[in-house]
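Survey of secondary and tertiary structure
Here are the chains, one letter per residue:
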Amino acid sequence: MEKLKSIDDFKRLKKELSEKIFRKDTPRAHVCCGTACAASGSHGVANALEDAARDKGLDITLIRTGCQGMCQQGPNIKLEPAGYYYQRARPDQAREIIESSIKGNSSYRRGLYRDDILSEPVESMDDLPFYKKQLRIALRNNDVIDPSDISQYIVMGGYGALRKAFEYMKPEDVLDEIDRADLRGRGGAGFPAGKKWKHTRAAKGLKVVVANGDEGDPGAFMDRAIMEGDPHSLLEGMLLCAYAIGARYGLIYVRHEYPLAVKNLKHAIRTAESLGLLGENIFSTNFSFGVDIREGAGAFACGESTALIASIEGERGFPRPRPPRLSEQGGGVWGYATNLNNIETYACVAPIIENGSKWFRSIGTETSPGTKVFAITGKVKNTGLVEVPMGITLREIIFDIGGGIIGDKQFKAVQTGGPSGGCIPAQHLDSPVDFDSLAKLGSIMGSGGMVVLDEDTCMVDVARYFLSFTQSESCGKCPPCRIGTYQMLQILERITSGEGRHGDIETLISLGKKIQEGSLCGLGQSAPNPVLSTIKYFRQEFEEHIYDNYCRSNACKNMGVFAINPAECVSCGLCKDACAYNAVVETRKGYYIDRAYCVKCKACHTACPVGAVKIRRQSVSRLEDQFRIPAEDIEILARRARMILKDVVRSKPIKVVTCKKDCKVADAVTIMDGNNVGSILVFDDTKQLAGIFTERDIMHCFAKNISFVDVPIGSVMTPQPITLDASTDIGVAVNVMSEKKIRHLPVTENEEIIGMISYRDIVSYLLPEVIFMAEDIY
Amino acid sequence: MSGCIPDMDSYYRIFEYELTDEQRRRGVLIYALQQIQKEHNYLPADQLARLSESLNMPLSEIYSTATFYKHFYFKPRGRNIACVCTGTACHVRGAGKVVEKFKKEFGIQEGQTSEDGSLTLETVGCVGCCGLAPVITVNEEVIGDLSDEKLSGIISSIKDNDTSSSD
Ligand SMILES: Cc1cc2nc3c(=O)[nH]c(=O)nc-3n(C[C@H](O)[C@H](O)[C@H](O)COP(=O)(O)O)c2cc1C
Ligand code: SF4
Ligand code: SF4
Ligand code: FES
Ligand code: FES
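From a predicted model like this one, the values you see are computed outputs, not experimental measurements. (Residues numbered from 1 in each chain as written. Chains lettered and ligands numbered in written order. Predicted model: local features only at pLDDT ≥ 70, side-chain atom pairs only at ≥ 80, totals over all residues. Heavy atoms only, no water.)

Now for the overall build of chain A. Per the secondary structure count, chain A includes 32 helices and 24 strands. Relative to the compact-globule value of 28 Å for 778 residues, chain A shows a C-alpha radius of gyration of 31 Å, a close match. Counting only C-alpha atoms and orienting by the principal axes, one finds that chain A spans roughly 90 × 85 × 50 Å. Across the 778 residues that make up chain A, the buried fraction comes to 56%. Taking the contacts inside chain A whose residues are at least 6 apart along the sequence as the reference set, 68% of them involve residues at least 24 apart. Looking at chain A as shown, the accessible area adds up to about 32,300 Å², and 50% of this sits on carbon and sulfur atoms. On chain A, the mean spot of the 96 positive side-chain charges and the mean spot of the 98 negative ones are 2 Å from each other. (Helix = DSSP H or I, 4+ residues; strand = E, 2+ residues; numbered from the N terminus. Rg over C-alpha atoms; globule rule 2.2 N^0.38 Å. Buried < 20%, exposed > 50% of the residue type's maximum accessible area, 1.4 Å probe, protein only. Contact = heavy atoms within 4.5 Å. Areas by Shrake-Rupley, 256 points an atom, 1.4 Å probe, with all protein chains shown as cover. Lys, Arg positive; Asp, Glu negative; His and termini not counted. Charge placed at Lys NZ, Arg CZ, Asp CG, Glu CD.)

Set out below in structure tokens:
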């Protein structure tokens, strides 16, 4: 293709191409050749389709696309214009697919998606539950075009935003549009891209645009999909950014593990250059922009912006202190002011310029407009890449799109934000997914990795896993990060190997806080998050490991007491073969495990085909031995005692009595008396909780001779009262109350007060359970 | 290109004139190391010494940078390289067991090479193919959805191919 010298040249080219490419009368097969599908053999399928069509003398266009999203079910094929969507395609099906869908007029039923064997197959991609709720902006072309063909990108509207900008917009207009769209960075922190661009634009000297394709968060692959499947959308975004801020050069930093991304990007850069869309004097204007690629060499810390700059310069990937910021002269690559954004952020730029900021803001939520790509992985049925409007709930993503948990097990938590994020438990499944809501739950959006965890996942082990990751990836510059994560890891390793000690949880929390405060870069500052959030929501599992030597998910070794349940055992003897320590004993009555020899290696547990080898908590098995109560019964009772504050709040009509700070003490006491409550919550003018005033405080006021009539409650209340989340265990609440010597406790959910609980409430709530348990046992 | 300076002009297709000579030499270091590793499968000491000369950079500097990055190896690696993904998605779907199996079958730890030099076992944070977890790469080929049988098949094919090729 010839170099384009003007916008008119571009328009002419687009018109020519549109007549040839994606015509309605030539059937097309879009075969997914993304990494996952390629690993499942999609290239073979593509070749077979081509051969089959040739044999039949049919004219079809075969397009090898990037990742289409539903990686688990790959290789995927989309047939256009009929719209049929086939999954798990095999080369030997090619003939039949061509026969029925191209030659004939019907779908090839065996290749279609079904929820289960009994349900009707779904013919088209848009009707699939996986795709129904999606809205694709960043991934707009991923399931359509061949990434190596710039013509297809152009026909799909590519470089149209660049054309529009050149034709109608000044650089400031482009910048304003992005600013108004409130496009927030998709790489982690959600910083507004418009603000960053403005900063860089204001800097002096040569400017550089850098795209962060390091994607170090394990379990996330959206940037990979874009770089591999639609590289021009990244280039166009970078071009628009360069145009807006007046940058001369662009660099794409790609992690070492993504060779295909490097290859496709290189090719895209070359073809864009040959068309004159990159390089000197684009469209014969005096705007020039050159782009190149830099490859990483395997260091998670290099995803951090200053470390990435250091790595480009050929240094060790140590983060650098700020200021100067990247966007200032002296802060970026080789000292040139640099605008750094994530790949997905750039991929959103062209559609915004094309359709306007209003359109963008109409999608998503008020504070987080637009869409976000998530990689749903882990114990979910349909793993893959999804792009959804912000504000969708976790439940919709995991259950409607992801199809729920594999094997219909119980959902336990979803990990978002990778090593910097946290685990969100089931009770928050209905909260919306956007930057601020996730942060409120103690996690982060991060780059969009979502790892779904089920009942078989041990939360302590998950915490340990993340810490071992950050510990080994810490660049080592700051002692709190380097040594602190090591200490935390050691504690967690002890806990998961059955040697937890009293006080470990508290040490973890205080170490975590210190690391957060004392680290230079985001890696250290966020490294304790996965641990702190799992302690917050799953403290009980930590306690079970430490105090009861028990892992409820049976994931940790060296835990619990091993026993064979004779009712389930089929006497196959596999456990005996598996045990290297001869702890499984065969008798005439069946098999049993000799605890004196058992080293808790779990070999028998893994070997048993019917799940008859049980791992029990010590306390339960002691009761079982002593009183001959079946362990199952004890476990049911134990579960009943395992209640959270929400249960208490739900169990009785709870009045939350409140007043304002300037309310007189006498009035407050009257209110309390009238409502027959022992405490009153005091709010300030901004409706924030300011303090609490209790029966005890009345006593203090009386003793100190404070005038009930004149003094406002704000000056005698206890400020900043302790509150607990509704998901907190009753046991923890009792502990907190007795340790802090308080009797009244506001209970919150999503930071809002949903009830008041007094010491007496808890005792009277527990009492029937306690009596019930006691009766049942004795 | 063994050990000499890689082609600077093609590496600096952009930033042609803006950088000092020292910045240019420093900036090419990681790329140069990658090229050496591509050729030799690891970073041989004599190659690094030559690189130090041609980049006019102290050898200690080169080592200081190279050791920071996980992707660089200083010892020869095996004829086959199995890299088990231990990223989160793979971890929760049983990557631990995959690592164990390799360790047992080849009698090595992570990062080690088997005695006969047939295999080096490595782990990686994520290969970006999480949809098919657990995932491994064998000599850069991505293999996903590993079941026990699939894994056994892979291991025996590594062993078989290796004996046939070394004959
Ligand atoms: C340890 C660490 C690792 C990071 N890894 C990445 C990454 O892999 N990809 C990415 O885009 N941003 C990563 N970030 C965030 C970047 O520092 C930076 O905020 C982001 O790329 C800015 O782009 P955005 O504003 O478009 O999100 C990381 C940050 C830290 C602290
Ligand atoms: S916080 Fe950790 S990773 Fe970040 S600079 Fe300090 S030591 Fe390095
Ligand atoms: S493996 Fe399971 S079923 Fe077989 S003897 Fe052992 S406990 Fe019984
Ligand atoms: S790689 Fe084919 S759907 Fe993801
Ligand atoms: S976590 Fe294994 S491929 Fe991503």
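In this assembly, 41 residues from chain B lie in contact with 60 residues from chain A. Of the roughly 4,200 Å² buried at the junction of chain B and chain A (both faces included), carbon and sulfur atoms supply 57%. The largest per-residue losses of area from chain B upon contact with chain A belong to Arg13, Phe15 and Phe68 of chain B, which jointly make up 16% of the total buried on that side. The interface formed by chain B and chain A contains 4 salt bridges. Two residues, Glu273 of chain A and Arg13 of chain B, come together in a salt bridge whose shortest N-O distance is 2.6 Å. Run the count over chain B and chain A and you get 25 residue pairs in polar contact (both at pLDDT 80 or more). Going through the elements one at a time, helix 1 (8-11), helix 2 (21-27), helix 3 (29-40), helix 5 (59-68) and helix 6 (88-92) of chain B are the ones with two or more residues in the side of chain B that touches chain A. Here the residues of the side of chain B that touches chain A are counted per class, giving 19 nonpolar, 15 polar and 7 charged. (Buried area = accessible area lost by both parts, 1.4 Å probe. Salt bridge = Lys/Arg side-chain N within 4 Å of Asp/Glu carboxyl O. Polar contact = N/O pair within 3.5 Å; in protein donor to acceptor, adjacent residues only side chain to side chain. Nonpolar A, V, L, I, M, F, W, Y, C, P; charged D, E, K, R; others polar.)

Splitting chain B by domain gives domain 1 (8-68) and domain 2 (80-166). Look at where the C-alpha atoms of domain 1 of chain B and domain 2 of chain B centre, and you get two points 31 Å apart. (Domains from an automatic or database assignment.)

All names here are of chain A. Among the structural elements, Thr285 can be located in the loop between helix 12 (259-274) and strand 7 (290-295). Distance from Thr285 to Cys67, taken between C-alpha atoms, is 36 Å for residues 218 residues apart in sequence. Within the structure, Thr285 has its side chain in polar contact with the backbone nitrogen of Phe287 (distance 3.2 Å).

What follows deals with the sheet that holds strand 4 (residues 141-143) of chain B. Residue and element names in this part refer to chain B. On the basis of which strands lie adjacent, the open sheet formed by 4 strands has the order 2-1-3-4 and mixed pairing. Only two strands of the sheet have a single partner each, and these edge strands are strand 2 (119-124) and strand 4. Pairwise comparison of adjacent strand axes, ignoring direction, gives a mean angle of 25 degrees for this sheet. (Pairing = 2+ DSSP bridges. Axes fitted to C-alpha atoms, helices over the stretch in contact; angles between N-to-C directions.)

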